[in-house]
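Reading the structure
Here are the chains, one letter per residue:
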Amino acid sequence: MKQYKPMLARMAEAPFSSDHWIFEVKWDGIRAVSYIKEGLSIMSRNQKELIGNFPELSELNHLTRDTVLDGEIVVMKDGKADFQALNKRRTNTNPVEISYMAGKFPATYIIFDILEKDGEELLDIPLMERKRILENSVKEGKFAVLSLFVEDTGVAYYRAALEKGIEGIIAKEKKSSYEPGKRSNSWLKIKQAKTCDCVIFGYTKGEGNRENTFGSLILGLYGESGPVFIGKVGTGFSQEDMENMKLSLDKFKVEEETLPGVDADREITWLRPHFVCAVGYLSITDDGRLRIPVFQRFREDKDAFECTIEQIRPVPSDYEAKRDFSRTSEPPMWKEKGSGKSFVVQEHHARRLHYDLRLEKDGVLKSWAVPKGPPEKSGDKRLAVQVEDHPLEYAKFEGIIPGGQYGAGKVKIWDKGFYESIAWEEEKIEFIVKGERMEGRYVLVKFRKAGKNNWLFFKGGD
């Protein structure tokens, strides 16, 4: 039986609304992929079988057949997900107590995706079509329900979630495929408080009333070249918590240093990286440390190597990833507020001469490379290849991109001015421009037969 790692979400900067996205509640539970085949298996993110701890979820056998489902296991209390109650159930190994707790603290499996149906993979099917298949393939039961979602109105939904004491929402692009094990830009977490899942690499010696436990936990995350120190956390746990934690931590003591770059102001006990904990924090300092960290809880459902530095460092945009700003004079990437209506066309003498059309939208310049230049009269059709978003500051850029850099060659402004959007849709963009050379109505239409980034660019009739 093929097993799937769940698709993961990146962190969004702020709530947003869009008719290209849906929005669901972000549940504080255990992510689980269920295989309803000849038998039933419910696997956690780190591939641990969960059905023994949540026997009530065996009702899935009667609600669907021959499917693979993705969802979240939660225990609800007073209308909210109670992670502590859930965690007690997950860690219990006594069959009598498991049966008792299944009645006292029953779990709910909230299903939000379907990965297989009747042996056929559905990963490449757009999300909204998978939602339709899911609804037709699974009945709701006492302990298994389908996730509700709203379309378009992400900001209002986010505010409503916070008012009900829910930590946040998940935004999902309607046309997104399912990418197993990948933290994708097509799924975004939108949360009020900033949190990070950190690896515990050691602890400092305690003083005063902490003399017999520890002072603070040493935290790290994994980057491309190994673990990176991101700070220490010494608040968020009681004395009793610390005593129990130390007993568990000490089972993984090692002699050698396990995390470089730690400021050793106190004696350190090093640990083999095993334990993961959720830590809340206010912001990230300039030197990459968590500011005002607070311990929240252990994450026993998560492996240490899953905790990457991407959680606190923004992933470079395509624009940034292609450029070395110590060599090129092109402006760095950041979103900023502009007029919302500027456009520019740049003549670009790269390996081949082409023209770059850029339209201001959502704080960036949406960009297309036009090999033969903008159409000059009604009826002319030109190929336009969509490229990465550029910063607004790029509208002023003229100069030489040095050899060895992406797009090396001379760039100069060919035309600039303002535009008025008539329609901005996924398949078609129509606008009126007022520039020094270009004037009138222009249209960009997706040209899917020639590739997903290819558009037709033509001048419309006046």
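One can find the structure itself at the top, above this paragraph.
Residues numbered from 1 in each chain as written. Predicted model: local features only at pLDDT ≥ 70, side-chain atom pairs only at ≥ 80, totals over all residues. Heavy atoms only, no water.

Looking at the side chain of Glu330
The topology assignment puts Glu330 in the loop between helix H7 (318–321) and strand E22 (342–349). In this structure the side chain of Glu330 is engaged in a polar contact, spanning 2.7 Å, whose partner is the side chain of Thr328. Not counting the four nearest positions on each side in its chain, Glu330 is found in contact with Tyr319, Arg323, Phe325, Tyr394, Phe397 and Ile401. (Helix = DSSP H or I, 4+ residues; strand = E, 2+ residues; numbered from the N terminus. Polar contact = N/O pair within 3.5 Å; in protein donor to acceptor, adjacent residues only side chain to side chain. Contact = heavy atoms within 4.5 Å.)

Some remarks on the environment of Leu69
In this fold, Leu69 is placed in strand E5 (residues 67–77). A relative accessible area of 0% places Leu69 in the buried class. Ignoring any residue separated from it by four or fewer positions in sequence, one finds Leu69 in contact with Ala32, Val33, Ser34, Ile36, Leu60, Thr64, Tyr109, Ile111, Asp113, Ile114, Leu134 and Val138. (Buried < 20%, exposed > 50% of the residue type's maximum accessible area, 1.4 Å probe, protein only.)

Overview of the sheet that holds strand E10 (residues 149–152)
Taken in spatial order, the 5 strands of this open sheet run E1-E12-E11-E2-E10, and their pairing is mixed. Edge strands, defined here as strands with exactly one partner in the open sheet, are strand E1 (8–11) and E10. On average, adjacent strands in this sheet sit at an angle of 35° to one another, irrespective of strand direction. Pairing of strand E2 (residues 18–25) with strand E11 (residues 168–173) involves 5 bridges; the strand directions are antiparallel. Considered in E11, the bridge of Ile22 is made with Lys172. Each of E2, E10, E11 and strand E12 (183–191) touches helix H4 (residues 127–137); the most contacted strand, E2, lies at about 45° to it. (Pairing = 2+ DSSP bridges. Axes fitted to C-alpha atoms, helices over the stretch in contact; angles between N-to-C directions.)

Here's the deal with the pattern of salt bridges
Two side chains carrying opposite charge are able to pair once their charged atoms lie near each other. This model, assessed by the stated rule, comprises 38 salt bridges. Between Arg323 and Glu330 there is a salt bridge, with its nearest N and O atoms 3.1 Å apart. Just as Arg323 is buried, Glu330 falls in that class too. With its nearest N and O atoms 3.8 Å apart, the salt bridge here joins Lys396 to Glu393. Salt bridges linked by common partners bring Asp197, Arg299, Asp301 and Lys302 together as one network. (Salt bridge = Lys/Arg side-chain N within 4 Å of Asp/Glu carboxyl O.)

Overview of the pairing of E11
Counted residue by residue, E11 has 5 buried out of 6 residues, so it is predominantly covered. For E11 and E12, the ladder comprises 5 bridges, and the chain directions are antiparallel. Its bridge partner being in E12, Lys172 is matched across the sheet by Trp187.

Focus on the pairing of strand E28 (residues 428–435)
Looking at chain direction, strand E27 (residues 409–424) and E28 are connected through 7 bridges and run antiparallel. Across the sheet, Ala423 pairs through a bridge with Glu430, a residue of E28. As consecutive antiparallel partners, E27 and E28 are separated by 3 residues. Examined bridge by bridge, E28 and strand E29 (residues 439–446) share 7 bridges and lie antiparallel to one another.

Quick word on the nonpolar core
Residues Ile200, Leu217, Leu219, Ile230, Leu290, Phe295 and Ile312 are the most contacted members of the largest nonpolar core, which totals 37 residues. Of all the secondary-structure elements, those providing two or more residues to this core are strand E13 (194–204), strand E14 (217–223), strand E15 (226–233), helix H6 (239–249), strand E17 (268–271), strand E18 (276–281) and strand E21 (294–298). Here the element with the most residues in this core is E13; it accounts for 6 residues. With sequence-adjacent residues up to four places away left out, Phe295 is seen in contact with Leu217, Val233, Thr235, Gly236, Phe237, Met245, Cys277 and Ala278. If you look at the next biggest cluster of nonpolar residues, it comprises 28 residues, including Leu40, Phe54, Ile73 and Val75. (Core = buried A, V, L, I, M, F, W, Y, C linked by side-chain atoms within 4.5 Å.)

Remarks on the packing of aromatic side chains
Remark: the centre distance and the inter-plane angle together describe each pair of aromatic rings, the angle taken between the planes. Across all of its chains, the model carries 20 aromatic pairs by this definition. Consider the rings of Tyr203 and Phe214, whose centres lie 5.8 Å apart with planes at 45°: the pair is tilted. Separated by 11 residues along the polypeptide, Tyr203 in strand E13 and Phe214 in the loop between E13 and E14 bring together distant segments of the chain. By relative accessible area, Phe214 is classed as buried at 0%. Aromatic pair Phe237 and Phe295: ring centres 5.1 Å apart, planes at 50°, arrangement tilted. You can see Phe237 sitting in the loop between E15 and H6 and its partner Phe295 sitting in strand E21, a full 58 residues away along the chain. Considered together, Phe237 and Phe295 belong to a single accessibility category, that of buried residues. Through successive ring pairs, a cluster of aromatic residues spans Tyr203, Phe214, Phe237, Phe252, Phe275, Phe295 and Phe298. It is Lys172 that lies over the ring of Trp187; its NZ or CZ is 4.1 Å from the centre. (Phe/Tyr/Trp six-rings, centres within 6.5 Å; stacked < 30°, edge-to-face > 60°. Lys NZ or Arg CZ within 6 Å of the ring centre and 35° of its normal.)

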